[in-house]
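# Overview (structure and organization)
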Amino acid sequence: MLLDIALSLLEIIHQAPKKKTLQSEYKSFRWVKVSSKRTIAETRYRVTGLTEGNEYEFQVMAENAAGVGPPSAVSRLIKCREPVNPPSAPTVVKVTDTSKTSVSLEWTKPVFDGGMEIIGYIIEMCKADLGEWHKVNAETCIATKYTVTDLEAGEHYKFRVSAVNGAGKGESCEVPATIQATDRLSSPEIDIDANFKQTHIVRAGATIRLFIAFLGKPVPTATWSKADSDLSLRADIHITDSFSTLTVENCNRNDAGKYVFTVENVSGSKSITFTVKVLDTPGPPGPITFKDVTRGSITLMWDAPLLDGGARIHHYIVEKREASRRSWQVVSSKCTRQIFKVTDLAEENNEYEFRVKAKNDAGYSEPREAFSSVIIKEPQIEPTADLSGITRQLITCKARSTFTIDIPISGRPAPKVTWKLEEMRLKETDRVTIKTTKDRTTLIVKDSMRGDSGKYYLTLENTAGVKTFAVTVKL
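Residues numbered from 1 in each chain as written. Predicted model: local features only at pLDDT ≥ 70, side-chain atom pairs only at ≥ 80, totals over all residues. Heavy atoms only, no water.

- The protein chain is annotated in an unreviewed UniProt entry as Titin of Chelydra serpentina.

Now the structure itself:
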C-alpha cells in the first residue's frame, strides 16, 4: 500500500536500515532526494511512493542563490503504516443480573476499532455518592461481558467500560443509571434450545431420559408429576439449581404418558409437558358393556385401551365361552371397531362370558373380560290388549243377565292381569269369574245388578312395562 507522510522542512528521504549494527554500515546507505516538479517553498511537504512496513529517516536542507546549505539533524525512525487511534466507546453497556454482592455487565463492540484489533476491555466503577472511578479488572477482559464481585450489599454503583487497542484506551460508555447491589427477582423460565424434544419415543425395556434446564431468582423449586402415578416408585429424579433430569430404566407401557415438569418461586411458576410413548403391546381394552340382548345374539361394546403401546391399534379379537366350559372360542379375529354383534348363540337362558384383546405392531394386549356372566334370554315386549272386538269399548246389557268382557292380550314375558271396577279391585266370587291365559283374559259377571255398571279397568304388567285399558258397561 502507498501512503502519504507529511513532515516539516522536508526535502531529502532516506530508507533506514531495519537493524543498525555499526556506524560505518549506517553511513554507507545512500540518501535519496525526494522528487518534486516545483521548488518547495513551504516548511511542510507530503512524501508519497513509500512502501508499507518499511522504516524511513528524513533530513532537510535549505537552498538560496548561493547554494545548498548543510542538512538538518536526521529525524526519528518512522514506520510506514495506516494511521491508528484508540477505539471508540462500546455502543451499549447493560446490566444483565445483580445480587447482593455482584453485578453482571454485558456490552457490544465499538463501531470504530481505531484501525487496530481490539485487544480487550477495561471495566471501571465508583460508588454513586463518591464519583471516584477505579479500575475493576486487573487484567484486560477479552469477552464482552464481566461480573463485578465483592460489592457492598444495598450500595449504589456506577459502571463504565472502555475498549483497548494497540494505540491505547478509548472512550468509555457508562451504564445510564446507578445500580444497586441487591438480589434480582425473576419469574421461572424454562430454557429450551434447538435440540429440545417434547415427545420421546422409546422401546419397551429401554431407558427414558428427560432433561430440562430452567432459570429464575430466587432459584425455583422444581417438581415432576405424572397423572395417576407415583414417580418415586419408578423414576430417578435429579434436580440442581439450573436443570433437572428424570430417568426410568427398563420401561414398559405403563411408563408411557404425560410427564409434567413445574418450576415455581415467589415471582411465579412455569410448567412444560413431556409426552412419552413406549413401543409395547397395548393395555387391555376398556370395560365391556352389553346391549340388544336377544335370542341367539348379543352386542358387545368397549372402550379403546388407555395405553396404546405407543402405536396405533390395528384391530380387536373378540372371544366367547359358555359359563360351563373352560376353553375360549374366537368369534372375530379382526374387529376394527369397538362394537361387535355376537350371533349363533345357543337357545335362551344359556350363560356366556366374553373377552376382548387389542392388537398393535408389538402384539396383543391382555384380555378384558366381562366379569359377570350374561344370560341370553328371550326379548322383552311391552304388554298390550286388543279391544277391537268391543265396539267403542262399550258393553250394554239388561239387569239380572250375564255379560262377558273377552280381550286378547300379548307381551313377553306374559303380563300379569288385574281387573278393577272403578277403584275396586275385582276378585272371583259366585257371580264374578276371571279366566286368564298367556294370550287372553276374560271377565264374566252373572246376575248383573245396577251396581255392576261403570268403567272396568284392565291392567297388564311385565318387566317391559305397564299398560291399562278401559271398557264401559251400561245396564
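Once the structure has been displayed, the description carries forward.
## Some remarks on the overall build of the protein chain
- A count of helices and strands for the protein chain gives two helices and 42 strands.
- In terms of overall dimensions, the protein chain is more spread out than a globule: its C-alpha atoms have a radius of gyration of 53 Å, far above the 23 Å expected for 475 residues.
- Projecting the C-alpha coordinates of the protein chain onto the three principal axes gives extents of approximately 185 × 55 × 50 Å.
- Taken across its 475 residues, the protein chain has 36% of its residues classed as buried.
- Between the centroid of the 65 positive side chains of the protein chain and the centroid of its 59 negative side chains there is a distance of 7 Å. (Helix = DSSP H or I, 4+ residues; strand = E, 2+ residues; numbered from the N terminus. Rg over C-alpha atoms; globule rule 2.2 N^0.38 Å. Buried < 20%, exposed > 50% of the residue type's maximum accessible area, 1.4 Å probe, protein only. Lys, Arg positive; Asp, Glu negative; His and termini not counted. Charge placed at Lys NZ, Arg CZ, Asp CG, Glu CD.)

## Overview of the pattern of salt bridges
- Taken as a whole and judged by the stated rule, the model has twelve salt bridges.
- For Lys127, the salt bridge is made with Glu152, and the minimal N-O distance between the two is 2.8 Å. Of this pair, Lys127 sits in strand β11 (residues 120–127) while Glu152 sits in the loop between β13 (145–148) and β14 (156–165), and the two are 25 residues apart along the sequence.
- A relative accessible area of 40% means that Glu152 is categorised as partly exposed.
- Here Asp406 ties to Arg440 by a salt bridge, and the two come within 2.8 Å at their closest N and O atoms. Within this pair, whereas Asp406 is found in strand β36 (residues 403–412), its partner Arg440 is found in strand β40 (residues 440–445), the two being separated by 34 residues in sequence.
- On the basis of relative accessibility, which here comes to 36%, the residue Arg440 falls in the partly exposed class.
- Here the salt bridges share partners, and the residues they tie into one network are Glu124, Arg160 and Lys169. (Salt bridge = Lys/Arg side-chain N within 4 Å of Asp/Glu carboxyl O.)

## Here we look at the sheet that holds strand β21 (residues 236–239)
- Read across the open sheet, the four strands follow the order β17-β19-β22-β21; overall the sheet is antiparallel. Among the strands making up the open sheet, the edge pair consists of β17 (186–191) and β21. Each adjacent strand pair in this sheet contributes to an overall mean axis angle of 20 degrees, direction not counted.
- Note that strand β19 (residues 208–217) and strand β22 (residues 243–248) share six bridges and pair antiparallel. Residue pairing across strands places Ala213 opposite Phe243, the latter belonging to β22. (Pairing = 2+ DSSP bridges. Axes fitted to C-alpha atoms, helices over the stretch in contact; angles between N-to-C directions.)

## A short note on the environment of Glu152
- Between the C-alpha atoms of Glu152 and Lys100, which are 52 residues apart in sequence, the distance is 7.1 Å.
- Glu152 has contacts with Lys100, Lys127, Tyr157 and Ala181, leaving out every residue within four places of it along the chain.
- For Glu152, the side chain forms a polar contact with the side chain of Lys127, separated by 2.8 Å. (Contact = heavy atoms within 4.5 Å. Polar contact = N/O pair within 3.5 Å; in protein donor to acceptor, adjacent residues only side chain to side chain.)

## Focus on the pairing of strand β23 (residues 257–265)
- Sheet analysis places strand β20 (residues 221–226) next to β23, joined by six bridges and oriented antiparallel. Of the residues in β23, the one forming a bridge with Thr221 is Glu264.
- As paired elements, β23 and strand β24 (residues 268–279) share nine bridges and run antiparallel to each other. In the sheet register, Phe261 faces β24, and the bridge partner there is Ile272.
- Between β23 and β24, which pair antiparallel and follow one another directly, the connecting turn spans two residues.

## Description of the side chain of Ser102
- Residue position: Ser102 is located in the loop between β9 (93–98) and β10 (103–107).
- Other than its neighbours up to four places away in sequence, Ser102 contacts Thr147, Val148, Thr149 and Leu151.

## Notes on the nonpolar core
- Core analysis: the biggest nonpolar cluster contains 23 residues, and Phe403, Ile405, Ile407, Trp419, Leu443, Tyr456 and Leu458 have the highest contact counts within it.
- Counting residues per element, the ones that place at least two in this core are β36, β37 (416–421), β39 (432–436), β40, β41 (454–462) and β42 (465–474).
- The dominant element in this core, judged by the number of residues it contributes, is β36, at four residues.
- Ignoring any residue separated from it by four or fewer positions in sequence, one finds Tyr456 in contact with Phe403, Ile405, Trp419, Lys420, Leu421, Leu426, Leu443, Phe469, Ala470, Val471 and Val473.
- Core analysis: the next-biggest nonpolar cluster, separate from the first, contains 22 residues, Phe196, Ile212, Leu246 and Val263 among them. (Core = buried A, V, L, I, M, F, W, Y, C linked by side-chain atoms within 4.5 Å.)

## Things to note about unusual backbone geometry
- Of note, the bond from Lys217 into Pro218 is cis; its omega dihedral lies within 30 degrees of zero at -10 degrees.
- With respect to the secondary-structure elements, Pro218 resides in the loop between β19 and β20.
- Omega for the peptide link from Arg412 to Pro413 comes to -5 degrees, which places this bond in the cis form.
- Looking at where Pro413 falls in the secondary structure, it is placed in the loop between β36 and β37.
- Notably, Asp150 is not glycine yet its phi reads approximately 60 degrees, a positive angle.
- Take Asp150: it is sitting in the loop between β13 and β14.
- For Asp150, a relative accessible area of 73% puts it in the exposed group.

## Quick notes on the UniProt feature "domain: Fibronectin type-III" (unreviewed entry) in the protein chain
- As annotated by UniProt and renumbered to match this structure, "domain: Fibronectin type-III" (unreviewed entry) occupies residues 1–83, 86–185 and 284–379.
- As a span, residues 86–185 carries 0% helix and 44% strand, and end to end its C-alpha atoms are 39 Å apart. (UniProt positions renumbered as here; feature names shortened; annotations may be inferred.)

## Some details on the UniProt feature "domain: Ig-like" (unreviewed entry) in the protein chain
- Those residues carrying the UniProt feature "domain: Ig-like" (unreviewed entry) are residues 188–273 and 379–474 in this numbering.
- Secondary structure content for residues 379–474 is 0% helix and 58% strand, while the C-alpha to C-alpha distance between its ends is 40 Å.

## Re the sheet that holds β10
- Strand order in the open sheet formed by three strands is β9-β10-β13, with antiparallel pairing between adjacent strands. Either end of the sheet is taken by a strand with one partner, and the two such strands are β9 and β13. On average, each strand axis in the sheet is tilted by 25 degrees relative to the strand beside it, whichever way the strands run.
- When β9 meets β10, the two strands line up antiparallel, connected through five bridges. Directly across from Lys94, in β10, lies its bridge partner Glu106.

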